[in-house]
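# Examining the three-dimensional arrangement
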Amino acid sequence: MFKYQDGNYEGYVPNDGYYRGGDEPAHEEDAQSDVTEGHDEDDEVYEGEYQGIPHPDDIKAKQKKRAPAVDDEYRDRADLMAERMEDEEQLAHQYENIIEECGHGRFQWTLFVVLGLALMADGVEVFVVGFVLPSAEKDMCLSSSNKGMLGLIVYLGMMVGAVVLGGLADKLGRKKCLIISLAINAAFAFLSSFVQGYGFFLFCRLISGLGIGGSLPIVFAYFSEFLSREKRGEHLSWLCMFWMIGGIFASAMAWSIIPHYGWGFSMGTKYHFHSWRVFVLVCSLPCIASLVALKFMPESPRFLLEIGKHDEAWMILKQVHDTNMRAKGEPERVFTVSYIKTPKQVDEFIEIQSSTGTWYQRWLVRITTTFKQVWDNVLYCLTAQYRMNTLFLAVVWFTMALSYYGLIVWFPDMIRYLQEEAYESRVKIFEEEEVSHFTFNFTLENQIHRNGEYKNDKFIGMKFKEVRFEDSLFEDCYFEDVTSSETFFENCTIMSTVFYNTDLYEHKFINCRLINNTFLKQKEGCHLDFEEDNDFLIYLVSFLGSLSVLPGNIISALLMDKIGRIKMIGGSMLISAVCCFFLFFGNSESAMIGWQCLFCGASIAAWNALDVITVELYPTDKRATAFGILNGLCKFGAILGNSIFASFVGITKVVPILLASSALVGGGLLALRLPETRDQVLM
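Small disclaimer: the values here were computed from a predicted structure and weren't measured.

Analysis parameters
- Residues numbered from 1 in each chain as written.
- Predicted model: local features only at pLDDT ≥ 70, side-chain atom pairs only at ≥ 80, totals over all residues.
- Heavy atoms only, no water.
- Phe/Tyr/Trp six-rings, centres within 6.5 Å; stacked < 30°, edge-to-face > 60°.
- Helix = DSSP H or I, 4+ residues; strand = E, 2+ residues; numbered from the N terminus.
- Buried < 20%, exposed > 50% of the residue type's maximum accessible area, 1.4 Å probe, protein only.
- Lys NZ or Arg CZ within 6 Å of the ring centre and 35° of its normal.
- Axes fitted to C-alpha atoms, helices over the stretch in contact; angles between N-to-C directions.
- Parallel < 35°, antiparallel > 145°, perpendicular 65-115°, else oblique.
- Left-handed = near helix turned anticlockwise from the far one by under 90°.
- Contact = heavy atoms within 4.5 Å.
- Nonpolar A, V, L, I, M, F, W, Y, C, P; charged D, E, K, R; others polar.
- Pairing = 2+ DSSP bridges.
- Disulfide = S-S within 2.5 Å.
- Expected span 1.5 Å × (residues − 1).
- Bend = angle between axes of the 7 residues up to and from the residue.
- 1 Å grid on protein atoms, 1.4 Å probe; cavity = no way out; pocket = protein on both sides within 12 Å on 5 of 7 lines; lining within 4 Å.
- Points joined across faces, edges and corners; volume = space filled by probe spheres on them.

This part is about the packing of aromatic side chains. Summed over all chains, the structure comprises 38 aromatic pairs. Judged by centre distance (5.3 Å) and plane angle (80 degrees), the ring pair of Trp109 and Phe112 falls under edge-to-face. Residue Trp109 and its partner Phe112 are located together in helix H3 (residues 106-139), separated by 3 residues, close to a single helical turn. For Trp109, a relative accessible area of 40% corresponds to the partly exposed category. On the basis of an interplanar angle of 80 degrees and a centroid distance of 6.3 Å, the ring pair of Phe509 and Phe519 is categorised as edge-to-face. Remark: Phe519 occurs in strand E18 (residues 518-520) and Phe509 occurs in strand E16 (residues 509-510); sequence separation between them is 10 residues. Note on Phe509: relative accessible area 10%, which makes it buried. Above the ring of Tyr95, the side-chain terminus of Arg302 is found at 5.5 Å from the ring centroid.

Right, here's the structure in full:
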């Protein structure tokens, strides 16, 4: 482990000395490379020359530095940073040439599937809570506030995970941090399917969201570093399709599993494993599959070069080259690269020996040092060189998230509201009915009974759904094994009546006179009393919304490198804003579903282009950090959008529509101020 010395960390100082600036003797300039050892007596690296042939400019630069030889610790930090910046620029162009020599083939497509499964897990996580809420609220006795918190807690975890784990990926490595992210998500998603209490379930979903939130910035940074400039925009856009596949997978699994309430088991009266818990379990499978497959993939060689690990990076690039050449039927093709530029390592560290302090003191130093480095990277994104780009991107990410996530919650809520209105319009009203010596053993649904009299009646093994008794009399009646949902007794008189094994609790009797009644063995806990006929609409709306982004994904992938990232973002956001205005005409379920599909299909191109441009605007040692910050801000926008838009359901459509439209227009116009990145190499 290492001790942090300077305030602006740029990487890890290796002991192998591949690049030492200017302390090499002149007579060693023509030394040959030994690629099996990774270095020789002359460790100077030459841009674009794979066989160790010196470039005249490099010879001049080296002669300038040769005398007097000064240790880095005595050199001005500005000189060291300038030298590193020059090295990074040379590395960027050389690395681009190397990736082109490696080609695009089997290796990239294998990594595409592995990282796609991780992105699919992120898409699944967004939908899981929304699908299980109708069942979980009854299974765990959730109040409205509890349901709201459960819906937002995943986004909160994603927000924290994106910032923290994205930052760590620039210090610990893409592969290592992605494995940590997926392991956290898989473990706590799996655990959440078994826990019974609301508090523990909430905690598990929070940590699960933290893990999967950290995977998103790492996935795009990781994959982009194996792609050439000509392939990057297109193939990062194809990768985004896995988010859509995740939404389709979650919708299909919810539709096929959750309605089958019998798919589960119980252990006594306290532990119940119902079908919605089976669904939560199944939804962890993409994450687990990606986690297993990732163990067989290498670290990003671009990241390894940034921290000075030349040999490891060279071996991985050779593996990429050989894998692709074998797949193309050209196994005889030789990887011609011998040297790769490694940037000047600025910060200095000293090894902490095992005898230094206690084990927890050593770990404390490691942790605090690492997080100090992450914080320095965060601040670097706000330096003069990147400040305006970061601020513009932050606004665009936020406005997209506010509108998109707000509307995808608002759409199903509005559809459900329209259904409830239609349901209430079909209510049956019974006035002054008199029933005596009758046995009710069937379901009563969507009824209002006023001024009725029920004497010596039996209510056995029946269900009440959306039933209200108003100003009625119950005398000498018997209720047994009765289950109710949204059922209330208002201003009723209930006399000499027995309630046995029912869920007719005290709060269901509003301003009633209860005289000489007996309550025996009332039902405990919460129950899934009814299989909601309209719950499938939640799955259908989400399924169609996810499927509708397929055309947008295809179009954005094919045009990303032709029209550019900026036009893609601006055009997509402005078209999405126009789609929002047509929501004023959505007065039926089918119309709302149609406009939702159109909006999702139009907006996906902006999401894809945002992912691409965010990867390309920042250097390798800041890439995942910047993506994590912006994606964390995106999740904050999602939290606000969910809260604001849901509060207007059933009140007005004007505010959500105008808010979403104005945010999209503002973000789309501001996006046009960003620099175009399709022709630049990854720094």
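Back to the text.
Quick look at the packing of helix H7 (residues 229-257) against helix H17 (residues 589-617) now. H17 packs onto H7 with a crossing angle of 130 degrees between their chain directions and a minimal axis gap of 9 Å. Considering the angle they form, H7 stands oblique to H17. Between H7 and H17 lies a crossing whose hand is right-handed. Where H7 abuts H17, its residues Arg232, Gly233, Leu236, Ser237 and Cys240 lie against Asn608, Asp611, Val612 and Glu616. Taken together, the residues of the contact of H7 with H17 sort by class into 3 nonpolar, 3 polar and 3 charged.

All right, on to the sheet that holds E18 then. Taking strand neighbours across the sheet as the criterion, the 5 strands line up as E5-E8-E11-E15-E18 in an open arrangement whose pairing is parallel. The open sheet has two edge strands with one neighbour each: strand E5 (439-440) and E18. Where E5 lies against strand E8 (residues 458-460), 2 bridges are found, and the strand directions are parallel. Looking at the pairing, Phe440 lines up with Phe459 of E8.

The topology assignment puts Thr368 in helix H12 (residues 359-380). Taking the relative accessible area as the measure of exposure, Thr368 reaches 44% and is therefore partly exposed.

The full count for this structure, using the stated rule, is 0 disulfides. Left without a disulfide partner, Cys597 is nearest to the cysteine sulfur of Cys600, which lies 6.8 Å away. For Cys597, a relative accessible area of 18% gives the class buried.

Across its 34 residues, H3 extends 47 Å between first and last C-alpha, which sits within 8% of the 50 Å expected from 1.5 Å per residue. The largest bend in H3 amounts to roughly 55 degrees and is located at Leu133, with the proline Pro134 lying one to four residues further along.

The next point concerns the sheet that holds strand E4 (residues 434-436). If you walk across this open sheet you meet the 5 strands as E4-E7-E10-E14-E17, and the pairing is parallel. Of all strands in the sheet, those bounded by a partner on one side alone are E4 and strand E17 (513-515). Between one strand axis and the next, the sheet turns through 5 degrees on average, direction left out of account. Bridge count between strand E10 (residues 473-475) and strand E14 (residues 493-495): 3 bridges; the pairing is parallel.

The buried fraction of helix H8 (residues 275-282) amounts to 6 of the 8 residues, a majority that puts the element mostly inside the structure. Along H8, the residues that are buried comprise Ser275, Trp276, Arg277, Phe279, Val280 and Val282.

What follows covers the packing of helix H13 (residues 387-425) against H17. The packing of two helices is summarised by the inter-axis angle and the distance between the axes. Where H13 contacts H17, the two axes come as close as 10 Å, and the packing angle between them is 160 degrees. Taken together, the axes of H13 and H17 lie roughly antiparallel to each other. Viewed along their axes, H13 and H17 form a crossing whose handedness is left-handed. Broken down by class, the residue content of the contact of H13 with H17 amounts to 24 nonpolar, 6 polar and 2 charged.

Taken as a whole and assessed by the stated rule, the structure comprises 5 cavities of 30 Å³ or more. Quantified by volume, the largest cavity comes out at close to 220 Å³. The wall of the largest cavity is formed by 16 residues, among which Leu216, Trp243, Tyr405, Trp607 and Asp611 lie closest to the centre. At the level of secondary structure, the elements contributing two or more residues to the lining of the largest cavity comprise H3, helix H6 (198-224), H7, H13, H17 and helix H18 (620-646). Here the lining of the largest cavity gets 4 residues from one element, more than from any other, and that element is H17. Counted by class, the lining of the largest cavity contains 11 nonpolar, 2 polar and 3 charged residues. Roughly 60 Å³ of volume is contained in the second largest cavity. In this structure, the second largest cavity is lined by Ala121, Val124, Glu125, Val128, Asn185, Ala189, Arg205, Val280, Cys283, Ser284 and Cys287.

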